[in-house]
Amino acid sequence: MPGECAEAGVFLPYEAIVDRLESTAKQIAGASVIHRGGLAILKLGAEASGVNHSPREVWLQGGIHACEWLGPAVVLRLMDELVQNSALRRRATWYLLPVVDVQGYQRTWSGERFRRTADSGENPNMNFPFRWGKAPLLLRLLLGRKLRRWMGPHPASVDCVKSLVAELKSLRNLQLFLDFHSFGRLWLYPWCSSRAPSPHHAKHLAASAIAVAAADRTAESGGYRAQAAAQTEEIGRASCRERV
């Protein structure tokens, strides 16, 4: 069961997270909580920048792995910052999804603290359509049935992934997508499925350098670094970073 950090309000059960979203939506004009496909998403709207121009959209999410409680906590902390900083809030339409795998997250609060997979045994982050099921031969041989179970029987077979993909497809001008995981001083960018540089490698490096510098200043101790996800995670599966 949660310890002192949960009691201090850093880590919250799912119902309390939804209450935080609903409370925030009531504080800000035009804000709303979208309940769709089992997901609870806080939307903070922005004015269109001009005729026929959609406002920039930013998507912040956590909890795609149920046991990684830090992700939802970070999204809620960013939500609080947006509440206080109206100038930043007006720069985009913000979508905040603290918990992707709701059922898995709830199970971590009822005794399965380190559960990482969805109810059906799939790893949601390996279930996205882009390059789904394409893994190097060696990885397939080493992991066998476990890898196939993690990927799922077909793309978006996990309910939360199916709902997330549908929501992302509905956006018209997504400019920034951030997916927060667990402890680690790493800022990861595409690709995850290949060691080859992505077409936007230079932009990824430039944006990552800004993020790492800001993280080092905030943490004071420093030590953050940026790298392609394929240098950290298993190659051959596409995470949600590549879906968008």
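Residues numbered from 1 in each chain as written. Predicted model: local features only at pLDDT ≥ 70, side-chain atom pairs only at ≥ 80, totals over all residues. Heavy atoms only, no water.

Undergrad: Help me out: how do you make sense of the overall build of the chain in this one?
TA: Counting its regular elements, the chain contains ten helices and seven strands. Within the chain, buried positions represent 46% of all 244 residues. Within the chain, contacts between residues separated by at least 24 positions form 74% of all contacts whose residues are at least 6 apart in sequence. (Helix = DSSP H or I, 4+ residues; strand = E, 2+ residues; numbered from the N terminus. Buried < 20%, exposed > 50% of the residue type's maximum accessible area, 1.4 Å probe, protein only. Contact = heavy atoms within 4.5 Å.)

Undergrad: Quick question: what am I supposed to make of the packing of aromatic side chains here?
TA: Each aromatic ring pair is described using two quantities: the centre-to-centre distance and the angle formed by the ring planes. The final tally for this structure, using the stated rule, is five aromatic pairs. Relative to Trp109, the ring of Trp69 lies with its centre 4.4 Å away and its plane at 15 degrees, an arrangement referred to as stacked. With a gap of 40 residues between them, Trp69 in the loop between strand E3 (57-62) and helix H3 (70-84) and Trp109 in the loop between helix H5 (102-108) and helix H6 (137-143) connect regions that are remote in the sequence. For the pair shown, Trp69 and Trp109 are each scored as buried. (Phe/Tyr/Trp six-rings, centres within 6.5 Å; stacked < 30°, edge-to-face > 60°.)

Undergrad: Explanation requested: the confidence of the model for the chain in the structure shown.
TA: Fine structural detail should not be taken from predicted coordinates in areas where pLDDT scores are low. Across the chain, pLDDT averages 84, with 86% of residues at or above 70. Note on residues 1-7: pLDDT under 50 across the span, and seven contacts to partners over four residues away in sequence or across chains. Of the regions scoring below 50 in pLDDT, residues 235-244 engages in 53 contacts with residues more than four places distant in sequence or in other chains. (pLDDT = per-residue confidence, 0-100.)

Undergrad: Help me out: how do you make sense of H3 in this one?
TA: Every α-helix carries 3.6 residues per turn, so stepping three or four residues along brings you back to the same face. The end-to-end C-alpha distance of H3 is 21 Å, a good match for the 21 Å that 15 residues give at a rise of 1.5 Å each. Among the residues of H3, Gly71, Pro72, Ala73, Val75, Leu76, Met79, Leu82 and Val83 are the ones counted as buried. (Expected span 1.5 Å × (residues − 1).)

Undergrad: Would you mind showing me how to read the environment of Phe11 here?
TA: Here Phe11 shows up in the loop between helix H1 (4-7) and helix H2 (14-27). Expressed as a C-alpha distance, the spacing of Phe11 and Leu76, which sit 65 residues apart in the sequence, is 9.8 Å.

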